[in-house]
Amino acid sequence: MRTITIYFDNPKSFELKNIKPLNGIAGLYFIFSKTINIQYPFATSRLLYIGMSERKTNSIGNRLSGHFEGKSKNVGLVNYRKIEPLLFTYINFEMLKDNWNFRIEDLESYFILNFVKHFGVYPICNNKTGFEILNNTLTTDFKIDWNYFN
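Quick summary incoming for the structure in this document. Residue numbering note: each chain is counted from 1, following its sequence as written. Whole-chain, interface and lining totals are the exception, using all residues; otherwise, since this is a predicted model, local features are given only for residues with pLDDT of at least 70 and side-chain atom pairs are given and counted only at 80 or more. Computation of side-chain values covers all heavy atoms of the structure but excludes hydrogens and water.

## With respect to the overall build of the protein chain
Step number 1: Going along the chain from the N terminus, every DSSP run of H or I of four or more residues is numbered as a helix, and every run of E of two or more is numbered as a strand. Helix and strand counts for the protein chain come out as four helices and eight strands.
Step number 2: Our radius of gyration looks at C-alpha atoms and nothing else; its globule reference is 2.2 Å times the residue count to the power 0.38. The globule rule puts the C-alpha radius of gyration for 150 residues at 15 Å, and the 15 Å found for the protein chain is close to it.
Step number 3: For the protein chain, the spread of C-alpha atoms along the principal axes amounts to about 45 × 35 × 25 Å.
Step number 4: Note on exposure labels: buried denotes an accessible area under 20% of the residue type's maximum, exposed denotes more than 50%, and partly exposed covers the range between, all computed with a 1.4 Å probe on protein chains only. Expressed as a percentage of the 150 residues in the protein chain, the buried residues total 46%.
Step number 5: Contacts between residues were defined by any pair of non-hydrogen atoms, one from each residue, lying within 4.5 Å. Sequence separation of at least 24 residues holds for 76% of the intrachain contacts in the protein chain that already meet a minimum separation of 6.

## Observations regarding unusual backbone geometry
Step number 1: Positive phi is not limited to glycine here, since K73 has a value of about 60°.
Step number 2: By the element assignment, K73 lies in the loop between α2 (60-69) and α3 (75-83).
Step number 3: For K73, a relative accessible area of 69% translates into the label exposed.

## Quick notes on helix α4 (residues 104-119)
Step number 1: For α4, which comprises 16 residues, the first-to-last C-alpha distance of 22 Å matches the rise-based estimate of 22 Å (1.5 Å per residue) to within 8%.
Step number 2: In terms of burial, α4 is largely enclosed, as twelve of its 16 residues are buried.
Step number 3: All of the buried residues in α4 are I104, D106, L107, E108, S109, Y110, F111, I112, L113, N114, F115 and F119.
Step number 4: Those residues of α4 hidden inside the fold are in contact with β1 (2-6), β3 (27-33), β5 (44-45), β6 (47-53), β7 (86-92) and β8 (140-144). Helix span is expected to be 1.5 Å times the residue number reduced by one.

## As for the pattern of salt bridges
Step number 1: In the sections that follow, a salt bridge refers to a side-chain nitrogen of Lys or Arg positioned within 4 Å of a carboxyl oxygen of Asp or Glu. Throughout the structure, instances matching the rule amount to five salt bridges.
Step number 2: The partner of K17 in a salt bridge is E15, and the shortest N-O contact between them spans 3.9 Å.
Step number 3: A salt bridge links R55 to E54, with the nearest nitrogen and oxygen atoms 3.3 Å apart.

## Regarding the packing of aromatic side chains
Step number 1: Centre distance within 6.5 Å is the pairing criterion for rings of Phe, Tyr and Trp, where only the six-membered ring of Trp is used; planes under 30 degrees apart are then read as stacked, over 60 as edge-to-face, and the remainder as tilted. Under the defined criterion, the tally for this structure stands at 25 aromatic pairs.
Step number 2: Between F14 and F88, the ring centres sit 6.3 Å apart and the planes meet at 75°, which makes this aromatic pair edge-to-face. Taken together, the residues span a long stretch of sequence, with F14 in the loop between β2 (12-13) and α1 (16-19) and F88 in strand β7 at a distance of 74 residues.
Step number 3: Taking the relative accessible area as the measure of exposure, F88 reaches 0% and is therefore buried.
Step number 4: For the pair F111 and F142, a centre-to-centre distance of 6.2 Å together with 35° between the ring planes defines the contact as tilted. Taken together, the residues span a long stretch of sequence, with F111 in helix α4 and F142 in strand β8 at a distance of 31 residues. Across the pair, exposure class does not vary: F111 and F142 are buried alike.

Written out as C-alpha cells, the structure is:
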C-alpha cells in the first residue's frame, strides 16, 4: 500500500468572493473556525465540517455557496458563522484521482473516518458516517495533516 501525505492549501475566508472561483471544481472541502477550538474526545481542532462535491456541475463553489447562504440547512455552520469568521480550504479531486480508485464519496468517507480515528468523533457539523468505504480494499493510505486545523 502506498502512503500519500495530504497538506492543505492556504485558508480562505468563508466569503462569496472566495467561493465563486471554485465553480466547476469537484473534490473535498473543509470549513473551520478562525479561532474557536472544539474539544473533541482525543484532541482539539478548529475543523467544523468535511464536505464534498462529486460533480463539476454541483461544484465545490456551489456546495460552499449553499453553506454560506444557509440553503444547505446545516444549522451548525450557519450558527458558527453568526459568531465567528469561518475559513475554508479544499482539495481538487483531479489532484488525487490517479492515486484513488474509488468515488469522491468514498474519499470523503475516508477523510471523515480518519478524523474520527484522530479526534474520537465526527466533525461537529457533519451528520453522516463514512462506513461504506470500509467495504473496499484500499491501495492508498493518506497521511492527513490534521494539525493544519489547530
